[in-house]
Amino acid sequence: MIAALLSLALLGAGADPGPLRMLGPAPRGELRRVVTLAPSLTEVVLALGAGDRLVGVSRFDERPEVARLPRVGGYVDPSVEAVMALHPDLVLAQPGPGNRRAVETMAELGAPVLLLSLGTVEDVIAAERATGKVLGRPAQGEALARELEATRARIRQRARAERPVRVLLVYGFEPLVVAGPGGFADELLTDAGAVNVARDAASPYPVYSVERALRSRPEVILDAADTPAGRDRIRALPGLAEARWAQVPGQALLHPGPALGRGLEQLFSLLHPGAGR
Amino acid sequence: MTTVARPLRVPLAVRFTPARASLVLGGLLALAIVALGASVLLGEYPVHLLRALAEPASADGRVLFGLRIPRAVLGALVGASLAASGSALQALLRNPLADPFVLGVSGGAALGATLALALGLQALAGPSLLAFVGAVAAMTLVLAAGRARSSPYAALLTGVVFNAFAAAVITCIKTLLTPDRLGEVLTWLAGSLGYERPRTLLVGGGLQLLALGVLWAESARLNLLSLGDDEAASLGVPVRRTRALVLLAASLSVAGAVALAGLVGFVGLIVPHLLRLWLGPDQRLLIPASALGGAAFLVLADVATRMLFPLFHAEPPVGVVTAVLGGPLFVWLLNRGEHPA
């Protein structure tokens, strides 16, 4: 039984599709009807200046530019029928086991699907290039990618002159969910000259041990929680009370997309208030 | 709740006759066909039926044959399986609270699927496959325990204990998961009808026909078994063999249903009880009636989830709808049944 499970796990890992994958028929001609299944992918299309081609978005999309567009469900549970009813000539989706059957079905029914992972900064950069190319705006895609790469290089350079800061980035207090290793948030913290004290965690979004958080003595605690529930209790704890508490500036740092560069600059200024411009 | 244990006081009106059975089953079949029709006709995509039938390769045709019909068939298969197995298990275990998941099948299936989702097994339809493996493993364990002590309560208790154990392990796995994976596990556990390939439906349908066929074939002996083991044995029923056969068929059927649709709750409890209130406890009629009624109920509940999409911008899991619709309806009918006017 265990051997069977392990071999299944290995097979699963071996079939890892990588960050970019096309499903279904190849997109043809100029794409005019694009459906996105995640807000981050909507951000990419908007940043490419192709917002007028969007005909449907996920129910989590909040940008005013897409407020009037039909909703086609969420990242885990897109409605195949709602997507197909919009007659898309391209569907942009983040791959995941929850939506795998749904996006495969869209592809089988004749909708070209571009799967774009957005787990790391490299993924985001690759997604900008790929989306630019498929939408016939390769120059804009390349510009977005270069811009993010340049911002990273510049901030890394400036961070070298600063003393490393021990940081805990908190997504939620009850339970304590923090930014662990292996995701874009951890990468950007490192770029900005921070040491992520939760880098020993198991995943990018772990439920973290409160006692481990105390012991790790963060100097800065970045609050990215949706609700203040449980914050006061955590904030009163020894080892955390002495840290500098700061709200994550804006949403730019929380969603993998073209705004990550801006988020990185804000993060750097926040962590190193003394650093010159 | 002594409906199961009073087969000897069946009023004349609910006695089994071929004419009455054909009438009841015909009516339920018609209901199931209406439900399937609604499921094929209603949805977010405006399907032009004539165009779809004339040109299967058109967009309308692909939605009809690629989405609507497979999903309706899946709902019918899962609903029939859960309700018929529920009816058989309630009779076999002489417990009106028995539902298809009580024999550890839900715990085993959920554990398998959660493991698959946690390990990120996207290939080979990981969650469904491991759910089936987990359900069959749990069922084997429970059957072995039931065989060791020849009493229906041993199987029932082992099932309940195994489900609690599995729930604890699942909770442990959940704490180790990232929020996006957690969402997938929760959606899976709530039970929902997706889009399966025709081949999968064919295999699943074959399994269900076989299992439900066995249950129906054993239904007369199941009636006698509800009198008690000794009484049934004195009437010539091979008690152990019948019990093992019914447990095996019901559990395989439920394992198949769970692998296809996750844990769709309530269907296996409500549908057989509703039909028992109406038809009496004769399994010869109840098992096929439950299969047809369960198919109709789940397909209609699935139509409701699709109708809710414009409201929520999401389809709620069909298990939620079966519980929300079925719970109050059941309580109302039960109270009405216990205080006849």
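Residues numbered from 1 in each chain as written. Chains lettered and ligands numbered in written order. Predicted model: local features only at pLDDT ≥ 70, side-chain atom pairs only at ≥ 80, totals over all residues.

Peer 1: Before we move on, could you go through the overall build of chain B and cite the residues and values that matter?
Peer 2: Check the secondary structure of chain B and you find 15 helices and zero strands. Here chain B holds 341 residues, and the buried ones make up 51% of them. Taking as baseline every contact in chain B between residues at least 6 positions apart, the subset at least 24 positions apart corresponds to 78%. (Helix = DSSP H or I, 4+ residues; strand = E, 2+ residues; numbered from the N terminus. Buried ≥ 20, exposed ≤ 12 C-beta atoms within 10 Å, placed from the backbone. Contact = placed C-beta atoms within 7 Å.)

Peer 1: Account for the overall build of chain A, with residues named and values stated.
Peer 2: When helices and strands are counted, chain A shows 10 helices and 10 strands. For 277 residues, the compact-globule estimate of 2.2 N^0.38 gives 19 Å, and chain A sits close to it at 20 Å. Along the first, second and third principal axes, the C-alpha set of chain A runs to 60 × 55 × 35 Å. Taking contacts inside chain A between residues at least 6 apart in sequence as the whole, the part at least 24 apart equals 59%. (Rg over C-alpha atoms; globule rule 2.2 N^0.38 Å.)

Peer 1: Account for the environment of Leu169 of chain A, naming residues and giving values.
Peer 2: Examined against the element boundaries, Leu169 of chain A turns out to sit in strand 6 (residues 165-172). If near-sequence neighbours (up to four positions away) are discounted, Leu169 of chain A is found in contact with Val178, Ala179, Ala185, Leu189, Leu222 and Ala224 of chain A.

Peer 1: Describe the nonpolar core, listing the residues and the values that go with them.
Peer 2: Counting 101 residues, the largest nonpolar core has Ala88, Val105, Ala109, Ala135, Ala255, Val258 and Val299 of chain B as the members making the most contacts within it. Residues contacting Val105 of chain B, with those up to four places away along its chain left out, are Pro100, Ala135, Ala138, Met139, Ser251, Val254, Ala255 and Val258 of chain B. Listed in part, the 89 residues of the second largest apolar core include Leu118, Leu188, Ala192 and Leu222 of chain A. (Core = buried A, V, L, I, M, F, W, Y, C linked by C-beta atoms within 7 Å.)

Peer 1: Run through the sheet that holds strand 5 (residues 113-116) of chain A, naming residues and quoting values.
Peer 2: All names here are of chain A. One open sheet accounts for five strands, arranged 1-5-4-2-3; its pairing is mixed. One side of each edge strand has no neighbouring strand; the edge strands of this open sheet are strand 1 (20-23) and strand 3 (54-56). Geometrically, the sheet is characterised by an average inter-axis angle of 30° between neighbouring strands, direction not taken into account. Summarising the sheet, strand 1 and strand 5 pair through four bridges and their orientation is antiparallel. Residue pairing for strand 5: Met22 is matched across the bridge by Leu114. The strands that helix 2 (residues 39-47) touches are strand 2 (34-36), strand 3, strand 4 (90-93) and strand 5; relative to strand 2, the one it contacts most, it runs at about 140°. (Pairing = 2+ DSSP bridges. Axes fitted to C-alpha atoms, helices over the stretch in contact; angles between N-to-C directions.)

Peer 1: Requested: an account of the packing of helix 3 (residues 59-92) of chain B against helix 8 (residues 198-217) of chain B, with residues and values cited.
Peer 2: Residues and elements named next belong to chain B. In the contact formed by helix 3 and helix 8, the axes pass within 10 Å of each other and the chain directions differ by 25°. Here helix 3 lies roughly parallel to helix 8, going by the angle between them. Relative to helix 8, helix 3 is oriented so that their crossing is left-handed. Between helix 3 and helix 8, the residues in contact are Pro70, Val73, Leu74, Leu77, Ala80, Ser81, Ala84 and Ala88 and Pro198, Leu201, Gly204, Gly205, Gln208, Leu212 and Leu215, respectively. (Parallel < 35°, antiparallel > 145°, perpendicular 65-115°, else oblique. Left-handed = near helix turned anticlockwise from the far one by under 90°.)

Peer 1: Could you give an account of the confidence of the model for chain A, naming the residues involved and the relevant values?
Peer 2: Looking at chain A as a whole, the pLDDT averages 87, with 92% of positions reaching at least 70. Below a pLDDT of 50 lies the segment residues 1-17 of chain A, which in the model reaches 18 contacts outside its immediate sequence neighbourhood of four places, other chains included. (pLDDT = per-residue confidence, 0-100.)

Peer 1: Describe the domain arrangement of chain A, with residues and values.
Peer 2: Residue and element names in this part refer to chain A. Here chain A is described as being made up of domain 1 (16-148) and domain 2 (162-271). A straight line from the C-alpha centre of domain 1 to that of domain 2 covers 29 Å. Listed by partner, the interface residues are 14 residues for domain 1 and 11 residues for domain 2. Counting residues per element, the ones that place at least two in the side of domain 1 that touches domain 2 are helix 2, helix 5 (121-134) and helix 6 (138-160). Here the element with the most residues in the side of domain 1 that touches domain 2 is helix 2; it accounts for five residues. (Domains from an automatic or database assignment.)

Peer 1: Tell me about the packing of helix 3 of chain B against helix 11 (residues 239-261) of chain B, and name the residues and values.
Peer 2: Residue and element names in this part refer to chain B. Where helix 3 contacts helix 11, the axes come no closer than 9 Å and their chain directions differ by 150°. Taken together, the axes of helix 3 and helix 11 are roughly antiparallel relative to one another. Our pair here, helix 3 against helix 11, has a crossing hand that is left-handed. Between helix 3, through Leu74, Val78, Ser81, Leu82, Ser85, Ala88, Leu89 and Leu92, and helix 11, the contact on the second element is made entirely by Arg243, Val246, Leu247, Ala250, Ser253, Val254, Gly256, Ala257, Leu260 and Ala261. Considering only residue class, the contact of helix 3 with helix 11 consists of 13 nonpolar, four polar and one charged. (Nonpolar A, V, L, I, M, F, W, Y, C, P; charged D, E, K, R; others polar.)

Peer 1: Which residues make up helix 2 of chain A, and what are the values?
Peer 2: Residues and elements named next belong to chain A. Helix 2 sits mainly inside the fold: eight of its nine residues count as buried. Among the residues making up helix 2, those that are buried are Pro39, Ser40, Leu41, Thr42, Glu43, Val44, Val45 and Ala47. Packing partners of the buried residues in helix 2 comprise strand 2, strand 3, strand 4, strand 5, helix 5 and helix 6. Just beyond helix 2, the residue with positive phi is Gly49, at close to 75°.

Peer 1: Explain the pairing of strand 6 of chain A to me, and be specific about the residues and the numbers.
Peer 2: All names here are of chain A. In terms of strand pairing, strand 6 meets strand 8 (residues 194-196) through three bridges, oriented parallel. Within strand 8, the position partnered with Val165 by the bridge is Ala194. Pairing geometry for strand 6 and strand 9 (residues 220-223), over four bridges, is parallel. Directly across from Leu168, in strand 9, lies its bridge partner Ile221.

Peer 1: Account for the environment of Gly213 of chain B, naming residues and giving values.
Peer 2: Residue and element names in this part refer to chain B. Inspection of the secondary structure assignment puts Gly213 in helix 8. Under the C-beta neighbour-count criterion, Gly213 is labelled exposed, with 11 such atoms within 10 Å. Here the alpha-carbon distance between Gly213 and Thr140, two residues 73 residues apart in the chain, equals 21 Å.

Peer 1: Describe the pairing of strand 9 of chain A, listing the residues and the values that go with them.
Peer 2: Across four bridges, the pairing between strand 9 of chain A and strand 10 (residues 244-247) of chain A is parallel. Following the sheet pairing, Asp223 of chain A is matched in strand 10 of chain A by Gln247 of chain A.

Peer 1: Quick one: what's the story with helix 7 (residues 184-191) of chain A, residue by residue and with numbers?
Peer 2: Residues and elements named next belong to chain A. In terms of residue burial, helix 7 counts as a mostly covered element, since seven of its eight residues are buried. All of the buried residues along helix 7 are Phe184, Ala185, Asp186, Glu187, Leu188, Leu189 and Asp191. Summarising the contacts, the buried residues of helix 7 are in contact with helix 5, helix 6, strand 6, strand 8 and helix 10 (260-271). Phi turns positive, to about 80°, at Gly193, one or two residues after helix 7.

Peer 1: Account for the environment of Gly108 of chain B, naming residues and giving values.
Peer 2: All names here are of chain B. Of note, Gly108 is situated in helix 4 (residues 105-118). Taking the number of C-beta atoms within 10 Å as the measure of exposure, Gly108 has 31 and is therefore buried. Put simply, Gly108 and Asn223 are 115 residues apart on the chain and 29 Å apart in space, counted from C-alpha to C-alpha.

Peer 1: Could you give an account of unusual backbone geometry, with specific residues and numbers?
Peer 2: All names here are of chain A. Cis rather than trans, the peptide bond between Glu174 and Pro175 has omega equal to 0°. One can find Pro175 in the loop between strand 6 and strand 7 (177-178). Phi is positive for His87, close to 45°, though the residue is something other than glycine. With respect to the helices, strands and loops of the structure, His87 is situated in the loop between helix 3 (80-85) and strand 4. Assessed through the 14 C-beta atoms surrounding it within 10 Å, His87 is described here as partly exposed. Of note in the backbone geometry, Arg217 takes a positive phi value of approximately 45° without being a glycine. The topology assignment puts Arg217 in the loop between helix 8 (210-215) and strand 9.

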